[in-house]
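Chain by chain, the residues:
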Amino acid sequence: MFVFFLINNFILCSINMSKIYVLYDGKCGFCCKIKDKTSRLIEKKNIQFYSFCSEKGKKIISKLNLKDFSSLVFISHSNKVFYRGKAVLKIIKQMKKPYKFLFIFNFLPKRLIDFVYNLIAKNRYCIIKADNV
């Protein structure tokens, strides 16, 4: 269930109706690994990944006037914003089966989902070390 590791320093946002962009911390090895794994599991190829510090990433951040992008943010086509754990679930919904079925956790309280999000984000360097062993 590595899908829940897809939760630190990512922003998923929609600028136009045909594309969804995922912004991530390109300096974080954990984030880069998750980006690589996740990009292969996305069902539709309308999602593009950019680092926060890339030119395209900076343009998206500026256009959306994002002030705090230290956690995952999902902005739907209707510009509804989801943060942290709920954003992870929105990403999961875009993934291929069987990962897509993890969206069932959407019924859980936001507080609990964000707790799990923060716990994994806090321990991401330990998680990636264990993954490398």
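This one's a predicted model, so the numbers in the text were calculated from it and none came from an experiment.

1. Quick word on the confidence of the model for the protein
- Scored by pLDDT, the protein has a mean of 76; 72% of the residues are at 70 or more.
- Every residue in residues 1-7 is under pLDDT 50, and counting partners more than four places away or in other chains gives 27 contacts.

2. A few points about the environment of Gly57
- With respect to the helices and strands, the residue Gly57 is situated in helix H2 (residues 55-64).
- For Gly57, a relative accessible area of 0% gives the class buried.
- Residues Gly57 and Leu23 lie 34 residues apart in sequence; the distance between their C-alpha atoms is 6.2 Å.
- With residues near it in sequence (within four places) discarded, Gly57 still touches Leu23, Tyr50, Ser51 and Phe52.

3. Thoughts on a nonpolar patch on the surface
- A cluster of nonpolar side chains, Leu112, Phe115, Val116 and Leu119, forms an exposed patch at the surface whose accessible area comes to about 350 Å².
- With respect to the secondary-structure elements, Val116 resides in helix H4 (residues 110-122).

4. Let's talk about helix H3 (residues 84-93)
- Burial of H3 is extensive: eight of the 10 residues sit out of reach of the surface.
- Residues of H3 that are buried include every one of Gly85, Lys86, Ala87, Val88, Leu89, Lys90, Ile91 and Ile92, and no others.

5. Here we look at the environment of Tyr24
- Along the polypeptide, Tyr24 turns up in strand S2 (residues 19-24).
- Taking the C-alpha atoms as reference points, Tyr24 and Ser51, separated by 27 residues in sequence, lie 4.8 Å from one another.

6. Focus on the side chain of Lys86
- One can find Lys86 in helix H3.
- Buried within the structure, Lys86 lacks any salt-bridge partner; its nearest side chain of opposite charge belongs to Asp114, at an N-O separation of 8.1 Å.
- Once residues lying within four places of it in the same chain are set aside, the contact partners of Lys86 are Asn106, Leu108, Lys110, Ile113 and Asp114.

7. Quick notes on the side chain of Arg124
- Within the secondary structure, Arg124 is located in helix H5 (residues 124-132).
- On the basis of relative accessibility, which here comes to 14%, the residue Arg124 falls in the buried class.
- Within polar-contact distance, the side chain of Arg124 engages the backbone oxygen of Ala121 at 3.1 Å.

8. Observations regarding the pairing of S2
- Most of S2 sits inside the fold, with five of its six residues counted as buried.
- Here S2 runs beside strand S3 (residues 47-51); their pairing, made up of five bridges, is parallel. Bridged to Ile20 within S3 is Ile47.
- For the crossover from S2 across helix H1 (residues 29-39) to S3, the handedness is right-handed.

What counts as what
- Residues numbered from 1 in each chain as written.
- Predicted model: local features only at pLDDT ≥ 70, side-chain atom pairs only at ≥ 80, totals over all residues.
- Heavy atoms only, no water.
- pLDDT = per-residue confidence, 0-100.
- Contact = heavy atoms within 4.5 Å.
- Helix = DSSP H or I, 4+ residues; strand = E, 2+ residues; numbered from the N terminus.
- Buried < 20%, exposed > 50% of the residue type's maximum accessible area, 1.4 Å probe, protein only.
- Patch = residues over 30% accessible without salt bridge, like charges linked within 9 Å, V, L, I, M, F, W, Y side chains within 5 Å.
- Areas by Shrake-Rupley, 256 points an atom, 1.4 Å probe, with all protein chains shown as cover.
- Salt bridge = Lys/Arg side-chain N within 4 Å of Asp/Glu carboxyl O.
- Lys, Arg positive; Asp, Glu negative; His and termini not counted.
- Polar contact = N/O pair within 3.5 Å; in protein donor to acceptor, adjacent residues only side chain to side chain.
- Pairing = 2+ DSSP bridges.
- Right-handed = clockwise from strand over helix to strand, strands pointing away.

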